[in-house]
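Structural overview
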Amino acid sequence: MTKMTKPNSADALPINTILAGDCIEIMNGLPAASVDLIFADPPYNLQLKGDLHRPDNSRVDAVDDEWDQFSSFKAYDDFTRAWLKAARRLLKPDGAIWVIGSYHNIFRVGSALQDAGYWILNDVVWRKSNPMPNFRGKRFTNAHETMIWASKSEGAKYTFNYEALKSLNEGIQMRSDWVLPICNGGERLKDGAGEKAHPTQKPQALLHRVLVGSTKPGDVVLDPFFGTGTTGAVAKMLGRDWIGIEREAKYRVVAEQRIASVRRLDKAALETSTSKRAEPRVPFGQLVERGMLRPGEELLSMNGRHKAKVRADGTLIGNDIKGSIHQVGAHLEGAPSCNGWTYWCFKRDGKTVPIDVLRQQIRAEMN
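Reading the values: rules and limits
- Residues numbered from 1 in each chain as written.
- Predicted model: local features only at pLDDT ≥ 70, side-chain atom pairs only at ≥ 80, totals over all residues.
- Heavy atoms only, no water.
- Pairing = 2+ DSSP bridges.
- Helix = DSSP H or I, 4+ residues; strand = E, 2+ residues; numbered from the N terminus.
- Axes fitted to C-alpha atoms, helices over the stretch in contact; angles between N-to-C directions.
- Contact = heavy atoms within 4.5 Å.
- Buried < 20%, exposed > 50% of the residue type's maximum accessible area, 1.4 Å probe, protein only.
- Arc of directions from axis to C-beta.
- Parallel < 35°, antiparallel > 145°, perpendicular 65-115°, else oblique.
- Left-handed = near helix turned anticlockwise from the far one by under 90°.
- Nonpolar A, V, L, I, M, F, W, Y, C, P; charged D, E, K, R; others polar.

A short note on the sheet that holds strand β14 (residues 351-354)
Spatially, six strands are ordered β12-β11-β10-β9-β13-β14 in an open sheet, and the strand pairing comes out antiparallel. Every other strand in the sheet has two partners, leaving β12 (321-323) and β14 as the edge strands with one partner each. Strand-to-strand twist in this sheet, taken as the mean axis angle between neighbours without regard to direction, amounts to 35°. Here helix α10 (residues 325-333) sits on the sheet and contacts β10 (307-310), β11 (316-318), β12 and β13 (344-348); the angle it forms with β12, its principal contact strand, is near 155°.

Structural notes on unusual backbone geometry
Residues other than glycine seldom take positive phi values, yet Asn16 does so here, at roughly 55°. Given the relative accessible area of 28%, Asn16 is considered partly exposed. With a phi angle near 55°, Asp349 is a residue other than glycine that sits in the positive phi range. Positionally, Asp349 belongs in the loop between β13 and β14. Take Asp349: its relative accessible area is 82%, and that puts it in the exposed class.

Re helix α12 (residues 356-366)
For α12, the full list of buried residues reads Asp356, Leu358, Arg359, Ile362 and Arg363. One side of α12 holds all its buried residues, which, seen down the axis, span an arc of 155°. The exposed set on the far side of α12, more than 90 degrees from its buried face, consists of Ala364 and Glu365. In this structure, the buried residues of α12 make contact with α9 (284-289), α11 (340-343), β13 and β14.

Regarding the packing of helix α5 (residues 204-214) against helix α6 (residues 230-237)
In contact at an axis separation of 9 Å, α5 and α6 are set at 55° when each is read in the N-to-C sense. As summarised for this structure, α5 and α6 are arranged oblique, according to the angle between their axes. Two packed elements cross with a definite hand, and for α5 against α6 that hand is right-handed. In contact with Gln204, Leu207, His208 and Leu211 of α5, α6 contributes Thr230, Thr231, Val234, Ala235 and Met237. Broken down by class, the residue content of the contact of α5 with α6 amounts to five nonpolar, four polar and no charged.

Bear in mind that shape data such as this cannot, by itself, settle questions of function.
As structure tokens, then:
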């Protein structure tokens, strides 16, 4: 990975590279409409007043770095609007952005997103299964952070891998509250002194879910606040290209070493579940044209109650009804609708075979 302050030319997209410098300046120098997804973990502007101590009076390693400090809410808002404007210029027409934050900043970021022309799709609550306790005992324990997912504009055809996320969740539709642990143990990167390499390192599980759910292999993912490179590491593993922007040299060093050690998954491992709606459309008439079913052949309902005959034009006729496989099935069942592909079957060598088997054979050839 070559570290650069600016891309070589306006037409060059420096993929799989950490760019050194101010994120707004660098984003303004990258080619427009070149990025599929942006994941942003901007400064939270925590406004900490003095040190934070545990009940035993030991000091908490809180976020008190210079990069998280702003002179006023106005200064923070101006910064937020500037980087969001630069980010939106980089997104492809159907691109999207994720921004993560806490109660200190996420409401201000959400307003700025809408003002900038983004279209909010969801707010996702990351509920931490092992949050840091509230040592002062004067407020609730801060056990979650909020992510805003937004498309570049209203009507954009953003990527959403619904079936893949459902598979990650044991076949249940993924909700907008995600219970995941904070980064700790062996995943927590340390510096030479054994201290945290970065105070707000995000867990890989969080980025895994974001990228599996809202990108495709080969997509370009940009992280303008790269830190120690969680976005780049997960993107590389999942077969996505990435671009990181980070102004702090100590974080770039850690990120570069980390990503160099990541192995990209093979093609088969990168395949994810897809929605049936995304599969190629196969008209029932193709089965007849190709001789997989013959005109005059009898179809049976899967429940064994009804019969219909195949016609040469790909329609069915049964009792007093003729029409598509869906129309005839619905009429015979007295139902408002019917999925004919799962309703009808035929006989081969004494065995009952769903007609959907023939459709899947054609789809396999098309793929």
